[in-house]
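One-letter residues, chain by chain:
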Amino acid sequence: MLSGADGFVGIETYGKAKLEWLETFLELPFGIPSHDTFGRVFGLLDPMALENSFLSWINSITEKLELNLIHVDGKTSKGSYDREGKLKALHSVSAWSSDHSLVLAQKKVDSKSNEITAVPVILKLLNLKGAVVTLDAMGTQIEIAQQIKQAEGDYVKALKGNQGKLSQQVEDWFKQAQAMNWQGIDYSYHQTIESGHHRIETRQVWAVSVSQLPPLHRQGQWLGLTTVVMVRTQRQLWNKTTTEVRFYISTLEAEAQRHNQVIRCHWSIENSLHWVLDVTFNEDASRIRTGYTAQNLGLLRRLSINLLKREPSRQSLKMKRYQAGMDNDFVIKILAASAPESAPMPTTVIPK
């Protein structure tokens, strides 16, 4: 998968092409298995066992790192459905560190449930102490807020219709504050203007302590709630201008610049993980779905992204995969960049 194989036929093809090299560190008395065998194995492999191995490895890395920001979001593997077998497409929730470009954990969402049930499970797997956890509106739940604060973390959560009364209260208050030109209100304001890709983007952020507002709906149940935030984003293209306004609740102090940085970093899970999975690893196009195959390969894609991003050269992930397909030494370099210090990568000799 590091070398560009996106499915079992690709894995078999890679194995046969690299057989002599693979035999320098693997016992392969019967050669490379067929793509059908790979499919059966990954369909039967317990995804919990694979996830536990992934977590053990990632924890060996993150215990030496400071995780300041943890972003949690869900993604659907659109091609993993089976209409005839009445199988829904696989939906999973990932935790992402924008500080270090690492997938921290992944959990499948039960086909009869939604992200609300998967988020608490994935949060239990992580050390949240001192970290800021960001979630979209689906994760804006009182129980999840309590879980994060009890684990000594902070949160910044998007407000939308699933928290109807609270969302409407916050939106109405900001509208009234703007109409009054913020007179008599203590608030923090930050603005950025950026240009690129043939567009100009202006972001305005207002952060206000909840003490400035009337009592909010169920305010006492939102453990640690300190601040409400409004973000207005205006994107000016050559032929049109769009404006979007979003609202958030937060346990951080009412500093607009800090909230702007945290909220912007949340979108890195879309740009640096979900987009890469679909464009570089063709996840949405994959029709692999038998047994546990979609879930297991989904985790291996995320593992591959971690490995490729930790390799220090400044090539794109696409070029790293391309080079890994041709250069065996580069594959070893990728693996060695994330090997535990107690388990150095073996030196291999490539047969002539």
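Quantities reported herein were computed from a predicted structural model and do not represent experimental measurements.

Draft legend 1. Up close: the overall build of the protein chain. Per the secondary structure count, the protein chain includes 12 helices and 9 strands. If one aligns the C-alpha atoms of the protein chain with their principal axes, the spans along those axes are about 80 × 45 × 40 Å. Per-residue burial over the protein chain gives 46% buried out of 352 residues. Nonlocal contacts in the protein chain, meaning residues at least 24 apart in sequence, comprise 61% of its contacts between residues at least 6 apart. Total accessible area on the protein chain is roughly 18400 Å²; 52% of this is exposed by carbon and sulfur atoms. On the protein chain, the mean spot of the 40 positive side-chain charges and the mean spot of the 36 negative ones are 4 Å from each other.

Draft legend 2. Region of the structure containing a nonpolar patch on the surface. Together, Met-319, Tyr-322 and Met-326 make up an exposed nonpolar region whose accessible area comes to about 350 Å². Mapping Tyr-322 onto the fold places it in helix α11 (residues 317-326). Tyr-322 sits in the exposed class, given a relative accessible area of 52%.

Draft legend 3. Quick look at the pairing of strand β9 (residues 241-250). Relative to β9, strand β5 (residues 154-159) is paired through 4 bridges, and the arrangement is antiparallel. Within the sheet, the bridge partner assigned to Val-156 lies in β9 and is Ser-250. Direction of pairing for strand β8 (residues 227-236) relative to β9: antiparallel, over a ladder of 10 bridges. The residue bridging Arg-235 from the neighbouring strand is Thr-242, located in β9. Connecting the antiparallel pair β8 and β9 is a turn made up of 4 residues.

Draft legend 4. Focus on helix α5 (residues 115-124). Within α5, burial applies to Glu-115, Ala-118, Val-119, Ile-122 and Leu-123. Buried residues in α5, looked at end-on, bunch into an arc of 135°, giving them a common side. Those residues of α5 that are buried lie in contact with β1 (69-77), β2 (90-97), β3 (102-108), β4 (132-135) and α6 (142-150).

Draft legend 5. Up close: the packing of aromatic side chains. Tallying each qualifying case throughout the model produces 10 aromatic pairs. Where Phe-174 meets Phe-247, the ring centres are 5.9 Å apart and the plane angle is 35°; that geometry is what we call tilted. With Phe-174 in helix α7 (residues 164-179) and Phe-247 in strand β9, this residue pair connects regions lying 73 residues apart in the sequence. Judged by relative accessible area, which is 0%, Phe-174 ranks as buried. Taking relative accessible area as the criterion, Phe-247 reaches 8% and is therefore assigned buried. An aromatic cluster of at least three residues, connected via ring pairs, comprises Trp-173, Phe-174, Trp-182, Tyr-187, Tyr-189, Trp-206 and Phe-247. For the cation-ring pair, Lys-157 lies above Tyr-155, with the distance from its terminal atom to the ring centre recorded as 5.5 Å. We note Arg-321 situated over the ring of Phe-281; from NZ or CZ to the ring centre the distance is 4.0 Å.

Draft legend 6. Spatial organisation of empty space enclosed by the protein. One pass over the structure, following the stated rule, counts 3 cavities of 30 Å³ or more. Looking at the largest cavity, its volume works out to about 60 Å³. If you trace the largest cavity, you find it lined by Ser-77, Gly-79, Ser-80, Leu-90, Glu-283, Ser-286, Ile-288, Ala-294 and Arg-301. Each residue belonging to the lining of the largest cavity can be placed in one class, and the counts come to 3 nonpolar, 4 polar and 2 charged.

Draft legend 7. Region of the structure containing the pattern of salt bridges. All chains considered together, the criterion is met by 18 salt bridges. Put simply, Glu-244 and Arg-246 hold a salt bridge, and the shortest N to O gap is 3.2 Å. Residue Glu-244 is classed as partly exposed on the basis of its relative accessible area of 35%. A single salt-bridge network, built from bridges that share partners, covers Glu-194, Arg-199, Glu-201, Arg-235, Glu-244, Arg-246 and Arg-264.

Draft legend 8. Representation of the nonpolar core in the model. By size, the foremost hydrophobic cluster in this structure holds 77 residues, and its most contacted members are Ile-70, Val-72, Leu-123, Phe-174 and Val-228. For this core, the element with the most residues is helix α4 (residues 47-62), which contributes 6 residues. Setting aside its immediate chain neighbours within four residues, Val-228 contacts Val-170, Phe-174, Trp-206, Ala-207, Val-208, Val-210, Leu-213, Leu-216, Tyr-248 and Ile-249. Counting residues in hydrophobic clusters, the runner-up holds 13 residues, among them Val-156, Ala-207, Val-231 and Tyr-248.

Draft legend 9. Representation of the sheet that holds β8. With mixed pairing, 9 strands are arranged side by side in an open sheet as β3-β2-β1-β4-β5-β9-β8-β7-β6. The outermost strands of the open sheet, each flanked by one partner alone, are β3 and β6 (188-196). The average undirected angle you get between the axes of adjacent strands in this sheet is 20°. As paired strands, β1 and β2 are joined by 7 bridges and run antiparallel to one another. Looking across to β2, one finds that Ser-77 is bridged to Leu-90. This element, helix α8 (residues 256-266), spans β1, β4, β5, β6, β7 (199-209), β8 and β9 of the sheet and lies at about 125° to β7. The sheet contacts of helix α9 (residues 268-279) involve β1, β2 and β3, and relative to β1 the element is tilted by about 35°.

Rules used in this analysis
Residues numbered from 1 in each chain as written. Predicted model: local features only at pLDDT ≥ 70, side-chain atom pairs only at ≥ 80, totals over all residues. Heavy atoms only, no water. Helix = DSSP H or I, 4+ residues; strand = E, 2+ residues; numbered from the N terminus. Buried < 20%, exposed > 50% of the residue type's maximum accessible area, 1.4 Å probe, protein only. Contact = heavy atoms within 4.5 Å. Areas by Shrake-Rupley, 256 points an atom, 1.4 Å probe, with all protein chains shown as cover. Lys, Arg positive; Asp, Glu negative; His and termini not counted. Charge placed at Lys NZ, Arg CZ, Asp CG, Glu CD. Patch = residues over 30% accessible without salt bridge, like charges linked within 9 Å, V, L, I, M, F, W, Y side chains within 5 Å. Salt bridge = Lys/Arg side-chain N within 4 Å of Asp/Glu carboxyl O. Pairing = 2+ DSSP bridges. Arc of directions from axis to C-beta. Phe/Tyr/Trp six-rings, centres within 6.5 Å; stacked < 30°, edge-to-face > 60°. Lys NZ or Arg CZ within 6 Å of the ring centre and 35° of its normal. 1 Å grid on protein atoms, 1.4 Å probe; cavity = no way out; pocket = protein on both sides within 12 Å on 5 of 7 lines; lining within 4 Å. Points joined across faces, edges and corners; volume = space filled by probe spheres on them. Nonpolar A, V, L, I, M, F, W, Y, C, P; charged D, E, K, R; others polar. Core = buried A, V, L, I, M, F, W, Y, C linked by side-chain atoms within 4.5 Å. Axes fitted to C-alpha atoms, helices over the stretch in contact; angles between N-to-C directions.

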